[in-house]
Amino acid sequence: MNSPLHGVLVSVRNLDEACRAQAAGVDLIDLKEPADGALGGLPCALIREVVTGLRGRGHHGPLSATIGDVPMTELDTILARVQAVAATGVDIVKVGITSGPEAAAVIDALAPLPCAIIPVFLADDGLDPLLLDRAHRARFPALMLDTARKDRGSLFDVLAQAELRDFVSACHRHGQGAGLAGALRFRHLADLAALSPNYVGFRSAVCIGDRAQGLQTDLARALMAQAATWGLSRKRRPHAIDVPMGVPVSQLRSVST
Ligand SMILES: O=C[C@H](O)COP(=O)(O)O
């Protein structure tokens, strides 16, 4: 249960928001620019500033960052961005994967890299089982689902419960953590808990208005409190539903700088 890939992930865009997330007790702080799409990237200098700032404030929890919304056709750019983001000092690099002929080559190219990478499958148009199987076999520490079009409902509107359950089970069968995100709201916590993912990701739910607005500390605190009652946070209540073991720290490849 001490996996760094367990709990509630909240996306932030700068050090101020990161400190708010830290104050709220967020388990995984994720760096991205929410106004630039589902996986909008931040400049590496800003990522480094946030990493240094948080570590300087005694934050020991895992930090992730996205490489930005890079098309699958631009493999060289994807690999260069992964290397640059990993070098900022984050623990995990998130890479968005969209279905299409080039996606398999992206998975294959990411797999041997010497840093912890989480492929994020954008599920708006369904999941490609062959692509997912490839990612399971590539031994990434975790896989994640998210949605690109935030105005069309949540992850639960684009995938059936059974598909989500199969995704989580397949991750666990392959020794991988399973992450779920996609315009998730407080009202989804019970359904999320029933799926027993390793971590759940939020941005829209901790903003007033859309996800491009500022992170609200009060909402983040409330989210963490409610997630804890459902066993979805690392700070679980004693009576909370048990969540399967996540990926042990030893299984995370270190980030090369
Ligand atoms: O990585 C997780 C996402 O940032 C979640 O954002 P969202 O709740 O707006 O879909």
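Residues numbered from 1 in each chain as written. Predicted model: local features only at pLDDT ≥ 70, side-chain atom pairs only at ≥ 80, totals over all residues. Heavy atoms only, no water.

*Asks:* I'd like to hear about the site of the ligand, residue by residue, with values.
*Replies:* Within the structure, the ligand sits among 15 residues, and S11, K32, A183, S204 and R211 are positioned closest to it. The contact in question runs from an oxygen atom of the ligand to an N or O atom on the side chain of S11, over 2.6 Å. The contact in question runs from an oxygen atom of the ligand to an N or O atom on the side chain of R211, over 2.7 Å. Each residue belonging to the shell around the ligand can be placed in one class, and the counts come to five nonpolar, three polar and seven charged. (Near = heavy atom within 4 Å. Polar contact = N/O pair within 3.5 Å; in protein donor to acceptor, adjacent residues only side chain to side chain. Nonpolar A, V, L, I, M, F, W, Y, C, P; charged D, E, K, R; others polar.)

*Asks:* Outline the environment of L110, listing residues and values.
*Replies:* With respect to the helices and strands, the residue L110 is situated in helix 4 (residues 103–110). Counting along the chain gives 35 residues from L110 to L75, while the straight-line C-alpha distance between them is 9.6 Å. With sequence-adjacent residues up to four places away left out, L110 is seen in contact with I78, L79, V82, V95, I97, I117 and F140. (Helix = DSSP H or I, 4+ residues; strand = E, 2+ residues; numbered from the N terminus. Contact = heavy atoms within 4.5 Å.)

*Asks:* Break down the packing of helix 4 against helix 5 (residues 129–137) for me, citing the residues and quoting the values.
*Replies:* Interhelical geometry of helix 4 versus helix 5 gives an angle of 5 degrees and a closest axis separation of 10 Å. What the angle tells us is that helix 4 and helix 5 run roughly parallel. Contacts from A103, A104, I107 and D108 in helix 4 reach L131, R134 and A135 in helix 5. For the contact of helix 4 with helix 5, a count of residues per class yields five nonpolar, no polar and two charged. (Axes fitted to C-alpha atoms, helices over the stretch in contact; angles between N-to-C directions. Parallel < 35°, antiparallel > 145°, perpendicular 65-115°, else oblique.)

*Asks:* I'd like a rundown of the sheet that holds strand 8 (residues 199–202), residues and numbers included.
*Replies:* Ordered by their spatial adjacency, eight strands build a closed barrel running 1-2-3-4-5-6-7-8, and the pairing between neighbours is parallel. Sheet twist, expressed as the mean angle between neighbouring strand axes with direction ignored, is 25 degrees. Strands in contact with helix 1 (residues 15–24) are strand 1 (7–12) and strand 2 (28–31); relative to strand 1, the strand with the most contacts, it is inclined by about 160 degrees. (Pairing = 2+ DSSP bridges.)

*Asks:* Could you give an account of the pairing of strand 8, with specific residues and numbers?
*Replies:* Burial along strand 8 is two-sided: Y199 and G201 facing one way and V200 and F202 facing the other are all buried. Where strand 1 meets strand 8, four bridges bridge the pair, whose relative direction is parallel. In the sheet register, L9 faces strand 8, and the bridge partner there is G201. Taken together, the two bridges between strand 7 (residues 177–180) and strand 8 define a ladder with parallel strand orientation. In the strand pairing of strand 8, L180 is matched with V200. (Buried < 20%, exposed > 50% of the residue type's maximum accessible area, 1.4 Å probe, protein only.)

*Asks:* Can you explain the packing of helix 1 against helix 2 (residues 44–56)? Please cite residues and give values.
*Replies:* Where helix 1 contacts helix 2, the axes come no closer than 9 Å and their chain directions differ by 35 degrees. Where helix 1 crosses over helix 2, the handedness of that crossing is right-handed. The segment helix 1 lies against helix 2, with L15, A18, C19 and Q22 engaging E49, V50, G53 and L54. (Left-handed = near helix turned anticlockwise from the far one by under 90°.)

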